[in-house]
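# Inside the fold
The residues making up each chain are set out below.
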Amino acid sequence: MANRVVDEKPADGLVACLRRRLLAFLSAEDAHFSAEDLLPRLPYDACFDERAALLARLRRHKQALTMWIHLLDSWDQALQYCAKIQAEAEQTFLCKDSPKRRFLSSAEGADRGDNHLLEIYTTLVDVCLNPLEPIALGIIPTKRTSDTTDTSPNPTNVGLDFRFKPRTDLALKAMRQFSELIDATTVLSMVPGDTNLKALSQFLESTVKQQASLQARLVFFMSAAHSESVQSRIACAAATAGQMFKVTALTRCHQCRRRIGTSAFVRHPDSGELVHYGCCRNLPADSKLTTTRLSGN
């Protein structure tokens, strides 16, 4: 049995057809089965496509991506998986209280990392540079005489002492393509020290521009919020400045029903109710000065 479904010979044979149907079933979103129970039943030296599909269903990102990138040489499949996880993370972020969020939080094998918008593509770069060992994937790749002509950069049939080699070329490619979705600080700490700075120039330039844009937007929103707060306070003061009210020795606090006397108090502008300053919770810090001045009058 071949490691990959596409390598199964003959392509129209019974085994190839059954494996294609099995892989389609394992990859289907609406398929109902226990991936946790099915994973140990797969052979450790074959059916790597099927194993990667189960790992992806269990949301074991690093294991699934390691299988696709370093063992199956399926970069496009890895990118499709990352795009799917990223879309789910963005949807969850935008709809935190939606039923979909509750479903994702309780889905089989789901982990808390899916809620981080920068996690999956950062994990992609991490897997390219620091792949897991085959034993961590539950597999033991073995060499077969029929596959001695394999010349791919990551051969699918290797010896028992095999260790995956870092793919710096794919890591740099992902960094250039998905720079806005990658945690730059984390990724730069992973990059080997002998990496050519020219290869990182596009990623660094995009990161600097993104940070500058983010800072500019943050300053704008903070200024807008401050301006709105000032205008609201001015409008409130203008609306209540001309209103007259009288506090006598019999005036009582609307909250505790005790006499206000000479204590500091607060007057609600909408209802006109008078409340002891100590009885009024969630009061802004600058309200104490206002209430003290009012009590003095």
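Residues numbered from 1 in each chain as written. Predicted model: local features only at pLDDT ≥ 70, side-chain atom pairs only at ≥ 80, totals over all residues. Heavy atoms only, no water.

## Considering the pattern of salt bridges
Filter applied, for reference: Each reported salt bridge corresponds to a side-chain nitrogen of Lys or Arg within 4 Å of a carboxyl oxygen of Asp or Glu. Each helix corresponds to a stretch of at least 4 residues labelled H or I by DSSP, and each strand to a stretch of at least 2 residues labelled E; elements are numbered beginning at the N terminus. Burial classification: accessible surface area is computed with a 1.4 Å probe over protein chains only, and a residue below 20% of its type maximum counts as buried, one above 50% as exposed, and the rest as partly exposed.
This model, assessed by the stated rule, comprises eight salt bridges. Ionic pairing is found between Glu 133 and Arg 163, a salt bridge with its closest N-O pair at 3.7 Å. One end of the pair, Glu 133, is in the loop between helix H7 (119-129) and helix H8 (168-177); the other, Arg 163, is in the loop between H7 and H8, and 30 residues separate them in sequence. Here Glu 133 falls in the partly exposed class, since its relative accessible area comes to 40%.

## What about unusual backbone geometry?
That bond from Lys 9 to Pro 10 is cis: its omega, -5°, falls within 30 degrees of zero. Within the secondary structure, Pro 10 is located in the segment before helix H1 (14-27). Phi is positive for Arg 59, which is not a glycine, with a value near 60°. As for its placement among the helices and strands, Arg 59 is situated in the loop between helix H3 (48-57) and helix H4 (61-71).

## Quick word on H7
Counted only if it meets this: Whether two residues touch is decided by their heavy atoms; if any such pair falls within 4.5 Å, the residues are in contact.
With respect to burial, H7 is a largely interior element, 10 of its 11 residues being buried. Every buried residue of H7 is accounted for by Ile 120, Tyr 121, Thr 122, Thr 123, Leu 124, Val 125, Asp 126, Val 127, Cys 128 and Leu 129. Where the residues of H7 are buried, they touch H4, helix H5 (75-94), H8 and helix H9 (184-190).

## Looking at the packing of aromatic side chains
Spelled out, the test is: When the centres of two rings from Phe, Tyr and Trp lie within 6.5 Å, Trp using its six-membered ring, the rings pair. Their planes under 30 degrees apart give stacked, over 60 give edge-to-face, and anything left gives tilted.
With the rule as written, the count across this model stands at four aromatic pairs. Between the aromatic rings of Phe 25 and Phe 33, the centroid separation amounts to 5.1 Å while the plane-to-plane angle is 35°, which identifies the pairing as tilted. Residues Trp 68 and Tyr 81 carry aromatic rings whose centres are separated by 5.3 Å and whose planes lie at 55° to one another, so their mutual orientation is tilted. Here Tyr 81 lies in helix H5 and Trp 68 lies in helix H4, a separation of 13 residues in the sequence.

## A look at the side chain of Thr 66
The following threshold applies: The definition of a polar contact used here is a pair of N or O atoms within 3.5 Å, where within protein one atom must be able to donate a hydrogen and the other to accept one, and adjacent residues in sequence count solely through side-chain atom pairs.
Inspection of the secondary structure puts Thr 66 in helix H4. Among the polar contacts made by the side chain of Thr 66, one reaches the main-chain carbonyl oxygen of Lys 62 at a distance of 2.6 Å. With residues near it in sequence (within four places) discarded, Thr 66 still touches Leu 71, Val 127, Pro 131, Leu 132, Leu 137 and Phe 164.

## Digging into the packing of H5 against H7
Stated precisely, the cut-off is as follows: Between the N-to-C directions of two axes lies an angle of 0 to 180 degrees, each axis being a line fitted to C-alpha atoms and, for a helix, fitted only over the stretch in contact. Oblique is the label for every angle not falling under 35 degrees (roughly parallel), over 145 degrees (roughly antiparallel), or within 65 to 115 degrees (roughly perpendicular). Classification used: nonpolar for Ala, Val, Leu, Ile, Met, Phe, Trp, Tyr, Cys and Pro, charged for Asp, Glu, Lys and Arg, polar for all others including Gly.
Taken N-terminus to C-terminus, the directions of H5 and H7 make an angle of 150°; their axes are 9 Å apart at the nearest point. Classified by the angle their axes make, H5 and H7 are roughly antiparallel. Residue-level contacts link Trp 75, Leu 79, Tyr 81, Cys 82, Ala 83, Ile 85 and Gln 86 of H5 to Ile 120, Tyr 121, Leu 124 and Cys 128 of H7. Tallied by class, the residues present in the contact of H5 with H7 amount to 10 nonpolar, one polar and no charged.

## What to know about the nonpolar core
As a reminder of what qualifies: We call a set of buried residues a nonpolar core when its members are Ala, Val, Leu, Ile, Met, Phe, Trp, Tyr or Cys and they connect through side-chain atoms within 4.5 Å of each other.
With 50 residues, the main nonpolar core has Leu 65, Trp 68, Ile 69, Leu 124 and Met 175 as its most contacted residues. Apart from the residues within four sequence positions on either side, Leu 65 is in contact with His 70, Ala 78, Tyr 81, Cys 82, Ile 120, Thr 123, Leu 124 and Val 127. Listed in part, the seven residues of the second largest apolar core include Cys 253, Ile 260, Phe 265 and Leu 274.

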